[in-house]
Amino acid sequence: MARRSVTQVDEGTLTKGQRRKLDALRKSVGEEIGERAFAAWLSTQPKPVIETVDHDAALIVDTLWPLVREGSLAIPRGGYLLRRGRHRLICEPVRK
């Protein structure tokens, strides 16, 4: 019975393409060597930049915040749904 090596790579965090590459390496050169080769390749790849700012939400906040501060706009709890209409913006309370 073949001995399976302890996985060095967390497969849950890999993208679909990275998983395909790992599987191809395992099939071509074997489990242990494939995983070591993949880990070495993965360490040379640049880390992805995760953007945590929603630019659309930031634009809405920047636009509406001055109106809230001067008192001409109040946004109650529960929020509003903004959607596009014919040449206008429709703002309605969220229905539960």
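Up top you'll find the structure we're talking about.
Below: a short report on this structure. Per chain, residue numbering runs from 1 following the sequence as it is written. A pLDDT threshold of at least 70 governs which residues receive local features in this predicted model, and a stricter bar of 80 or more applies before side-chain atom pairs are shown or counted, although totals over entire chains, interfaces and linings include all residues. Hydrogens and water molecules were not included; the side-chain quantities draw on all heavy atoms of the structure.

## Quick word on unusual backbone geometry
We count it as follows: Under the scheme used here, helices are H or I runs from DSSP no shorter than 4 residues and strands are E runs no shorter than 2 residues, and both carry numbers assigned from the N terminus. For every residue, the accessible area (1.4 Å probe, protein chains only) is compared with the maximum for its type, and the residue is labelled buried under 20%, exposed over 50%, or partly exposed between those bounds.
Backbone geometry places H87, a non-glycine residue, at a positive phi of 60 degrees. Mapped onto the secondary structure, H87 falls in the loop between β1 (80-85) and β2 (88-93). Assessed through its relative accessible area of 86%, H87 is described here as exposed.

## Here's the deal with the packing of aromatic side chains
Here is the rule we go by: Ring pairs are drawn from Phe, Tyr and Trp, using the six-membered ring of Trp, whenever the two centres fall within 6.5 Å, and their geometry is named by plane angle: stacked under 30 degrees, edge-to-face over 60, tilted for the rest. By the criterion adopted, a ring carries a charge over it if an Arg CZ or a Lys NZ lies within 6 Å of its centre and within 35 degrees of its normal.
Across all of its chains, the model carries 1 aromatic pair by this definition. Taking 5.5 Å as the distance between ring centres and 40 degrees as the angle between the ring planes, the aromatic pair formed by F38 and W41 counts as tilted. Here F38 and its partner W41 are both found in helix α2 (residues 31-44), 3 residues apart, which amounts to about one turn of the helix. In this structure W41 comes out as partly exposed when scored by relative accessible area, which is 27%. A cation over a ring is seen here: K21 above W41, with NZ or CZ 4.8 Å from the ring centre.

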